[in-house]
Structure formats: structure tokens, C-alpha cells
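# What the coordinates show
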Amino acid sequence: MHVKLFIPCFVDLFYPETGKAMYKILKRLGLDVEVIESPACCGQPAFNTGYWDDAKVAAGKLLMQMRGADAVVIGSGSCGAMVKVFYPELFMGTEFEPIAKEVSPVCFEFCSFLVDKLGVTDLGARFPHKVTYHDGCHSLREMHIKEAPRLLLARVRDLEFIEMKETVCCGFGGTFSAKFPMISTAMDEVKCELAIQTGAEFVVSSDSSCLMQIQGIADRKKLPLKTIHLAEILNMQ
Amino acid sequence: MKSNVKNFKAAALKSSSDLTRRRLILNALRNFEVTRNQKQALFQDWGAARELAAAKKWDAILNLDKNIELFTKKLESNGAKVHWAKDAESARSIILQIIQEKKAKLIVKSKSMTSEEIHLNDTLTRAGFDTLETDLGEFIVQLRGEGPFHIVFPAMHLTRGEIRELFQSKLGDAPSDDPEALTMVARRFLREKYIKADIGITGANFAVAETGMISITENEGNARLVSALPRTMITLVGIEKIIPRLDDLALFLPMLATAGAGQLISCYNTLYSGPRRPDEPDGPSEHHVILLDNGRTKVLADPVACDLLRCIRCGNCLNVCPVFRNIGGHSYGAAYCGPIGSVLMPIIAGIEQWYHLSYASSLCGACTEACPVKIDLHHHLLKNRRTAAKTIPVWWQKLAFKIFNLFACSPVLWRLMSKSGWFLQFFYVWSVKGTCLDPAYPWTKTRELPPIAKETFREWYKKHE
Amino acid sequence: MNYHRSQKKLFVNGIKNMNDKDHILNSIIDALKRKDKHQASDSALLKPIDQVLPSVPSEPEALIEMFRKNSDSLKAEFYIAKSKADAKDYLIHLKNQESWKKIASHKGSIVRQIIEPPDLPLYWTDDGYDVHELAKCDAGITECDALVAQTGSIMLTSRTAGGRALSVLPPHHIVIATRSQLVPDLPTALQIVRQRFSNNYPSMISFITGPSRTGDIERILVYGAHGPVKLTIIMIWNDQG
């Protein structure tokens, strides 16, 4: 199967290990992986801020790069939602609209690709720690991914999984985290409290931006929390 | 207007810093979710109920022209007087005129968010009329000189201790802070007011065209009393409340109660079809119903925003919104707060004054998931942002995105950016980080930033390709 | 002079009001012209209301049980009287238990057969009443038009339950119902409204579900707000006896 892998901008810059883990896992599964080198961004920051014409610049280029694969695997739920759900709307009435509609059905967030497309849940991984899972809002509510990460975690050896009592946004929301930092931080505090209440050592997610938000507060307040991307756990043998 | 944004940010900062208040609200809303989920589970199919409710309201909106004419005709044939108000000022002056004609001294009101929307109480007070809220939550915030904190639970931000102090100072009667005892204090105080009042003002939750009736949902019985004892009754109803059939209430009443209050059905759901009939022993001899536009036809005309008219004002979007939970209703500075307010206010009251509300969201989508009539609330926030960027673009934001595009779309420039970013961050950390010169200060004020990696993913891939 | 001025003011406001009506109606028509009416939902894809609301049993005994269970959870009292005589005895029992000095009621056909002074000190509302006297009454007794099993609700009207205030002003509301008035669900109850009153609706039709309550203080449920603190439903099993 020929897949194109898109590693989003902040994963590329801040969490390259996550990108590496994704690439290595796909290669181990015997797939023909083509990494999309450029553009590095899906256009979501401009789109979410309302500057749709500016968003189209990077988005149009990325869309063209995504054509022609059996599947497009995207290294975050929020970027996955941008391409799969919002590109058809962003490009409505333009020449890119049919391309967006052509690419959307073959677009997958990484974990969802493993489980829902390949039917793979066991990667032979081992991670002897207590973990809890944070559902990124775009993953959960735009891409409707809930079971896939849990099925993957269930097959990781020696891992103890505890669900948080409540499903709630971490407060990142892209530029929202900088435009309204007081609200973003308050939401982050609630999230961290829920995570700590589980007794988990690690908060796991398939959204690096959420992990950046959670780790950001945990480090500043010296909370007993570490964060790790699910792909990195799955890559640990 | 810049001052609206500044005020909002200041209010949000103040509210989010009040940890005790945040905890009170969070606990109340978490407990509410438990009872709401229990009641939702009683439905055979809550998801299908949402589909049906959304379809019925949509059908009502698409036929508003026919429904509003039928409603008016039926209501007038029942003896009510129907007035039309194209905006808030018009509605206020109609109500004021009725009150002046009646030479009213005391007015009692049941809960009406529409009356908040048109700032009715201020107008009546300034005109010298004693206007008393009778819903317990509205009564409490009126005594405090505040607007409602939540569109269904106006005083949920207050502790029983605060309410006791309030009653002690304003009513001189509050021996205990037990919620039941405090409720009885309000009951005793308001009882004689219902009896003395000349005019009762209500809102409406629905308006049934088929039979010419307004429908009022409540738990306390105050609206029942406001509609029973005074000689004149005035009802203010937004035109989007009109539904075609009586039968539709069998769906809407339980859904409103479940989503809004975690009850299968509210205590009193009452249909009023005009003034008392000749064979009835009581009730108002005049019933005035004011149909309010105030931007609703503007929303109706909007090709994208018109599904907002499906809103049944249940408040569930507020209940689940993490922004609302942390900053509370007063921070919004608007009649309608929470997600529905953040979507509506820029559309009906001006994008220039209210655009910031649509940006003050992480777009988590919890509101859309919770809405019983399936309004795509968080996507509306996105659409409002698009309108704001077109109408009132911020030059430096546009420039920043253009520059970012240049880097993001060129592998060479991207590599240059990541390499120089990695290098410069050491100086950044030593010098400006965490100070007011820090460009990332909105983030670093409260959170740590991860470092830019020495070798990005793309650099590693190029080496190992 | 003042008379003419006020007439002119009313006239001007009348014109202004007419403009608002035209403005609103025209705005609605304009807005809807641009709508694609095919946007209306495909009703074939929607479940009917009786498949989405809480389910109701069909057997009469099960319906009564459902009503009882709902009443209990709402803190309303539900008493099944074997006969009218039993209902009367129960009212006297309540009177003694709560030390009623005066109660209010209306001259409904069933109520009149149950309530007789001087056993129960009465204040009738049918031909008008003094609201201060009504406010002093310890209880208000009314008939009703239906009991709804699905929600534990009572449906009554201003025509058939002694006006608007009788069922809400006194602190204890007692409803006299018959077994045949129990209906399964809200859709049925609303059909009854249309069938029974279609040519001449009462000015008020109310669905009452439990005693009055509020959640306005710390969102804690308190029973007894502005309406009745207590609600008792007496269902007469055999209303022929």
C-alpha cells in the first residue's frame, strides 16, 4: 500500500521523535511510505483565525501533494480534521474542491489509520507505566476517533490504563491559547487535575499540540505529570 | 470596539483567578451532567430525538411566514392583543406605553431572557416603575444589581452564604443559609407582590401557531402566579419561538427540561391563549403579546447562520462549555453568554463590537454535541471568525500568516527557520523569555514552552531517506 | 387638550406599530424567498415521536405503576381511593393531619360529590373570589383533565380546575382524578386538549409535574418554591360508587 505521511509543523519542530516513531512504525508494517516534505503546514492557524484566503495558500499546496496515494496518514488529529473535514469547505466553489473531496475519504489520523484502515492493534510494544488518555477535541468530535487509541493501548504490554473521569478540552485551541491565555490556562489546570486524579504517570494523546499544552502547565507548576505521544509508546519494543 | 475586548479579557482574567468560584461552578455543572445523562437515558433514542427536534424547528423556521400569520390570527381571535416590535427600542416603548396606560404601580416579571436582551428592566426602572423579578435566581441577581449569570440558572455563581447575606441586608430576613429556608424567605416576600401587582410580564418558551397559544416552562410556579393574579398580562416573545403544532410540544417540553435542567419535564408547562374567558373566575382581563424581531429576520436571511433560530434557550451549551465553566456568564458582558451568545452576539449586535466572543473558544465542539436541536455551534464560531477577518482584518495578523506561508511552503526557508530558531532560542531563554519583551509571553506567562529540536523530523528524514 | 394629545399619540404609535408589522413580515418573506425549501429535512429518515420519547407500557396496571413511580420520585403523593367515599375520607384525614382551617375548591361535578361542608371548611372560587382569602387557604382542591403516566404529570385548565390561581396559590394542591383520566403519554394528552377544547380553548392549560421546586441556589433541588409546597393526587378507582 502506498501511503503519504504528513508530519505537521509543530511535530516537525518540537516533537520530531513522534514523527520518527510514526514513520518507523509504518515502515515496519511493510508500507510504501512517502513523506510529504513541503509544505510543512496544513493552513489551520490561518483558517481558525478566519483568514481563509491565507489558509488556502499552504492548504492548496498540501492538497496537491496528498493526491495519488492509497492513504494519507496525518500525524495529528487537529491537522487530520483540517484536511479531512475542513478542506472541502475551505475550497468550496474553487478548482480545488473536487481534489479536497477526493483526498478526504483516504485521509486518516495516524492511530485511526492503524486500527480502522489496517486493522492492526498490536505492534508488539511494551511500556510498563500507568497512563491515562487525552482525546484531542478535533480527533474526538471532528474525526470521531475514540476507540482506536484505546484498542492500541490495550495491546501494549505491561501498560496500566486508567480513564479520566471527564472528557474535556485541554484549552490549547491553536491561537486561542495565546489570544486568551487566562482562559486557556484555566482549562489546562482542570485537565491536569483530572489527569493527576487518575494516578497516572503519563498523559498520552495522539495530538502533540494538546500534549504541549498539558506539559507546559505541568512543567511550570511542577506537577507529577509527564506526556507522551501514543506513536512513541507504540514504537517502544 | 476595543473596549469590549479589553473588558472581556479583564473580566475573564478576574473570574478565572477566582478559584473558589470556579470550583463551585465546576462542581455544580458536573453534578448537573450526572442527572442530565440519567434523564437522557430515559429516552428511547436521544440521538433520534435530537434529529427530530432539529427537523421540527427547521420546518417551523422555513414556514415562519405562514406560522406567524396563523399565530397572530388565532391569538387575536382568543382576545389577545398582538403587537409587533422590529427592535429592542420598539418593544420597550410598546411595553412602556401599556404600563403607562394602565397607570401601573407594581409590575411582577417571570423569567425572560428576551427581556434581558432588550434591557427592559432598566427602562422600566428609569421610567419610575417598580419592577420585581419573581424567579428565585433572577430575584437574587436583581437584588445584587447584576444580570443573570446563566440563561437558565441566573444565580448559580453564588454560595448560600452570599445569598443569606444578601437577603439579610436587602430583605432583613434570613435566619439560616439552608437553601430551603432561603427559598421560603423569597416565597414569603414575593407572595404579597403577586397579589398587589397591576401587571405581569412574562416571556415564552414556545408559541403555538395552530392554537394561538404561548407556552411557558418553569419549576417554581412564579410564572403561573404572574399570569394569574395581575389584571394585565404582557408576554414578550421572539419570533423564532413560533412552532406550527401543539403536538410538537410533546417532544420539545421533555427535551428542553432534560437538556436544560436535567429533568424529564419541568414542574409547570403552561399554555396561555389570551385573557380570561367569560366563564373563568380569574386571570388577566387583557393579554398583550409582543412579537420581537431585533435581528432575528437578519439571522433568518443569513444563508449560513439561520439554523441558529432553532435554539430553544435550554442553556446546555453553557453547561458543557469549558470556557463558560472557567470564566462564568458575567464575563461575556452580553445578554446571551456561553456558546450561543458567542455565536449570536456578533451577528445580531455587530461584528465590530462582539467578534472577540467568537475567538474566545478552543472550538472543542462540546456545545455542538450537547445541543438538543443540533445547531452546529462551534462551526458557527469559525464562520464568525471568517466574517471578522473579512470585515475588520488585523493587519499584523494577515502579515504574520503571509510570512508564515512563505516559510511553510518552501523547504529551504523552513529549514532556515528551524535552524535559526534552534540557535536563537538559547539567547531567547537567557534574555527575554518570561519578560514583557518576550514575543511568546501570552504563553510563557503561565506555561513552559518545549524547545525547538536540534534536528527536526524533516531534517532527520532527509538524512535517512 | 390633553385628550386630543393622547389620541394623537396613540394614533402615531398605531402607525409606527403598523410599520413594525409590515417591516417584520416583509423581512421574513424576503429572507424565506432566498431559502431553498428543499433544505427541509427528509421526514422519512426521522423516527416518529413515540419511538424517541421514554417508552410507555400498554397495560393499565403498568401505566398506574409508572405514574406512581414518577409521582414518588417527584415527591408528589399519589393515593388510589377505592371510591368517592374513600376519597372523602382521605381528604378528612389530610385535613386533620395538616390542621386545615380553610380550603379552597371549585364546584366540579366530582369534587362536589366528595366535598361537603361542614366536614371541610370551604371557599369556592367559581364565581370569583377575594385573592387575599384564597391566599389564606391551607389547601386548594381541583379536578383535572388528565394524568400522564409517562411523566407523572397532571393536566388541568382554567375552565375545568377553578381558574388559574386555585391550583398554584394555596400551599397544598390536591387533585381529584378518576382512573379513566390516566393517559399513557404527552402526545395523547395534547390530543385530548385539541379534541376536547378545539372550538373554545380555556385561557390556561397547565401540565403540573410535582410540587413546585427550584434549583437556583447552588443548583441544589429544593421542593416548595412559589407554587404549592405539597401536591397530592387522589385517583378514584371506582367513580361510580
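Keep in mind it's a predicted model, so treat the numbers as computed, not measured.

### Observations regarding the overall build of chain A
The secondary structure content of chain A amounts to 13 helices and eight strands. In terms of overall dimensions, chain A is globule-like: its C-alpha atoms have a radius of gyration of 17 Å, near the 18 Å expected for 237 residues. Considered along the principal axes of its C-alpha atoms, chain A spans approximately 50 × 45 × 25 Å. Residue pairs in contact within chain A that sit at least 24 positions apart in sequence constitute 77% of those at least 6 positions apart. Entry remark: accessible area of chain A is about 7800 Å², with carbon and sulfur atoms responsible for 53%.

### Quick notes on the overall build of chain B
Per the secondary structure count, chain B includes 23 helices and ten strands. Taking the principal axes of the C-alpha coordinates as reference, chain B spans close to 90 × 55 × 45 Å. Considering chain B as a whole, with its 465 residues, one finds that 64% of them fall into the buried category. Within chain B, residue pairs in contact and separated by at least 24 positions form 73% of the contacts whose partners lie at least 6 positions apart. Computing the positive centroid from 61 side-chain charges and the negative centroid from 48, chain B places the two 6 Å apart.

### Remarks on the domain arrangement of chain B
Its domain assignment divides chain B into domain 1 (43–297) and domain 2 (396–464). A straight line from the C-alpha centre of domain 1 of chain B to that of domain 2 of chain B covers 54 Å.

### Concerning the interface of chain B and chain C
Counting residues at the interface gives 108 residues for chain B, matched by 85 residues for chain C. Between chain B and chain C, a total of about 7800 Å² is buried, with carbon and sulfur atoms accounting for 60% of that surface. Across the contact surface, chain B and chain C share six salt bridges. Of the charged contacts, one joins C:Asp20 and B:Lys86 as a salt bridge, the two residues approaching to 3.6 Å between their closest N and O atoms. Along the contact surface separating chain B from chain C lie 42 residue pairs in polar contact (both at pLDDT 80 or more). Broken down by element, the residue count for the side of chain B that touches chain C peaks at eleven residues, all from helix α10 (residues 179–196) of chain B. For the side of chain B that touches chain C, the class distribution of residues is 59 nonpolar, 27 polar and 22 charged. When strand β9 (residues 268–272) of chain B meets strand β9 (residues 204–208) of chain C, the two strands line up antiparallel, connected through five bridges. Across the sheet, the residue bridging to B:Tyr272 is C:Met204, located in β9(C).

### A few points about the interface of chain A and chain B
Each partner contributes residues to the interface: chain A has 67 residues there, and chain B has 65 residues. Across the chain A to chain B interface the summed buried area is about 5900 Å²; carbon plus sulfur atoms make up 61%. If you sort the residues of chain A by the area they bury against chain B, A:Leu13, A:Tyr51 and A:Arg220 come out on top, with a joint share of 12%. The interface formed by chain A and chain B holds eleven salt bridges in total. B:Lys398 is the partner of A:Asp54 in a salt bridge, and the nearest nitrogen-oxygen pair spans 3.1 Å.

### As for the arrangement of the chains
Across the two pairs of chains in contact, the largest number of contacts is found between chains B and C. A gap remains between chain A and chain C, which never touch, and the nearest two C-alpha atoms on either side lie 18 Å apart.

### Brief notes about the packing of aromatic side chains
Residues and elements named next belong to chain B. In the structure shown here, the tally under the stated rule is 27 aromatic pairs over all chains. With a centroid separation of 6.2 Å and an interplanar angle of 80°, the aromatic rings of Tyr355 and Tyr359 are classed as edge-to-face. Placement of the pair is Tyr355 and Tyr359 together in helix α17 (residues 351–359), with a separation of four residues, close to one helical turn. Taking the relative accessible area as the measure of exposure, Tyr355 reaches 26% and is therefore partly exposed. Since its relative accessible area comes to 7%, Tyr359 is described here as buried.

### Let's talk about the environment of A:His2
All names here are of chain A. Examined against the element boundaries, His2 turns out to sit in strand β1 (residues 2–6). Residues His2 and Val73, 71 residues apart in the sequence, show an inter-C-alpha distance of 11 Å. Beyond its immediate sequence surroundings of up to four residues, His2 is in contact with Asp32, Glu34, Gly68, Ala69, Asp70 and Ala71.

### Quick notes on the sheet that holds β1(A)
Residue and element names in this part refer to chain A. The strand order β2-β1-β3-β4 describes an open sheet built from four strands, whose pairing is parallel. Strands with a single pairing partner mark the edges of an open sheet, and in this sheet they are β2 (32–35) and β4 (107–109). Each strand axis lies, on average, 30° off the axis of its neighbour in the sheet, ignoring direction. With four bridges joining them, β1 and strand β3 (residues 71–74) adopt parallel strand pairing. What sits directly across from Leu5, in β3, is Val73.

### Considerations on a nonpolar patch on the surface
All names here are of chain B. There is a patch of nonpolar side chains on the surface, built from Phe423, Leu424, Phe426, Phe427, Val429 and Trp430 and spanning about 690 Å² of accessible area. Topologically, Phe427 is positioned in helix α21 (residues 411–430). Among the residues examined, Phe427 registers a relative accessible area of 42% and is labelled partly exposed.

### Examining the packing of helix α2 (residues 16–28) of chain A against helix α7 (residues 110–117) of chain A
Residue and element names in this part refer to chain A. The contact between α2 and α7 brings their axes to 11 Å, and the two run at 20°. Put simply, α2 runs roughly parallel to α7. When you trace α2 past α7, the crossing you get is left-handed. Here Met22, Ile25 and Leu26 of α2 come into contact with α7, specifically with Phe110, Phe113 and Leu114. Taken together, the residues of the contact of α2 with α7 break down into six nonpolar, no polar and no charged.

### Points about the side chain of B:Arg22
With respect to the helices and strands, B:Arg22 occurs in helix α2 (residues 19–42). A distance of 3.0 Å separates polar atoms of two side chains, one belonging to B:Arg22 and the other to B:Asn326. Excluding anything up to four places from it in sequence, B:Arg22 contacts A:Ala186, A:Glu189, A:Val190, B:Ser15, B:Ser16, B:Arg325 and B:Asn326.

### Let's talk about unusual backbone geometry
Most peptide bonds take the trans configuration, and most residues that are not glycine carry a negative phi. A cis geometry characterises the amide bond from A:Ser38 onward to A:Pro39, with omega recorded as 0°. Tracing the backbone through its elements, the reader meets A:Pro39 in the loop between β2 and α3 (44–49). A positive phi angle is found at B:Leu363, which is not glycine, with a value near 60°. Mapped onto the elements of the fold, B:Leu363 is located in the loop between α17 and α18 (366–370). The phi dihedral of C:Ser99 falls on the positive side, at around 55°, and the residue is not glycine. Note on placement: C:Ser99 falls in the loop between α3 (84–98) and β2 (103–105).

### Side note on the nonpolar core
Note on soluble globular proteins: their nonpolar side chains tend to be buried together. Formed by 283 residues in total, the largest nonpolar core has its most connected members in A:Leu26, A:Tyr87, A:Phe110, A:Ile183, B:Phe167, B:Leu229 and B:Leu308. Looking at which element gives the most residues to this core, the answer is helix α3 (residues 46–62) of chain B, with ten residues. If sequence neighbours within four positions are ignored, B:Phe167 has contacts with B:Leu136, B:Phe139, B:Ile140, B:Leu143, B:Gly172, B:Asp173, B:Ala174, B:Leu182, B:Val185 and B:Ala186. Within the second largest apolar cluster, 20 residues are counted, among which are B:Ala88, B:Ile95, B:Leu120 and B:Leu236.

### Side note on the domain arrangement of chain A
All names here are of chain A. Its domain assignment divides chain A into domain 1 (2–117) and domain 2 (130–234). One C-alpha centre belongs to domain 1, the other to domain 2; they are set 22 Å apart. Per-residue buried area on domain 1 facing domain 2 is highest for Tyr15, Cys111 and Val115; these three make up 23% of the total on that side. Taken together, the links from domain 1 to domain 2 amount to zero salt bridges. Between the two partners, domain 1 and domain 2, sit three residue pairs in polar contact (both at pLDDT 80 or more). At the level of secondary structure, the elements contributing two or more residues to the side of domain 1 that touches domain 2 comprise α1 (9–14), α2, α3, α5 (77–90) and α7. Looking at which element gives the most residues to the side of domain 1 that touches domain 2, the answer is α5, with seven residues. A per-class count over the side of domain 1 that touches domain 2 returns 13 nonpolar, nine polar and five charged.

Calculation criteria
Residues numbered from 1 in each chain as written. Chains lettered and ligands numbered in written order. Predicted model: local features only at pLDDT ≥ 70, side-chain atom pairs only at ≥ 80, totals over all residues. Heavy atoms only, no water. Helix = DSSP H or I, 4+ residues; strand = E, 2+ residues; numbered from the N terminus. Rg over C-alpha atoms; globule rule 2.2 N^0.38 Å. Contact = heavy atoms within 4.5 Å. Areas by Shrake-Rupley, 256 points an atom, 1.4 Å probe, with all protein chains shown as cover. Buried < 20%, exposed > 50% of the residue type's maximum accessible area, 1.4 Å probe, protein only. Lys, Arg positive; Asp, Glu negative; His and termini not counted. Charge placed at Lys NZ, Arg CZ, Asp CG, Glu CD. Domains from an automatic or database assignment. Buried area = accessible area lost by both parts, 1.4 Å probe. Salt bridge = Lys/Arg side-chain N within 4 Å of Asp/Glu carboxyl O. Polar contact = N/O pair within 3.5 Å; in protein donor to acceptor, adjacent residues only side chain to side chain. Nonpolar A, V, L, I, M, F, W, Y, C, P; charged D, E, K, R; others polar. Pairing = 2+ DSSP bridges. Phe/Tyr/Trp six-rings, centres within 6.5 Å; stacked < 30°, edge-to-face > 60°. Axes fitted to C-alpha atoms, helices over the stretch in contact; angles between N-to-C directions. Patch = residues over 30% accessible without salt bridge, like charges linked within 9 Å, V, L, I, M, F, W, Y side chains within 5 Å. Parallel < 35°, antiparallel > 145°, perpendicular 65-115°, else oblique. Left-handed = near helix turned anticlockwise from the far one by under 90°. Core = buried A, V, L, I, M, F, W, Y, C linked by side-chain atoms within 4.5 Å.

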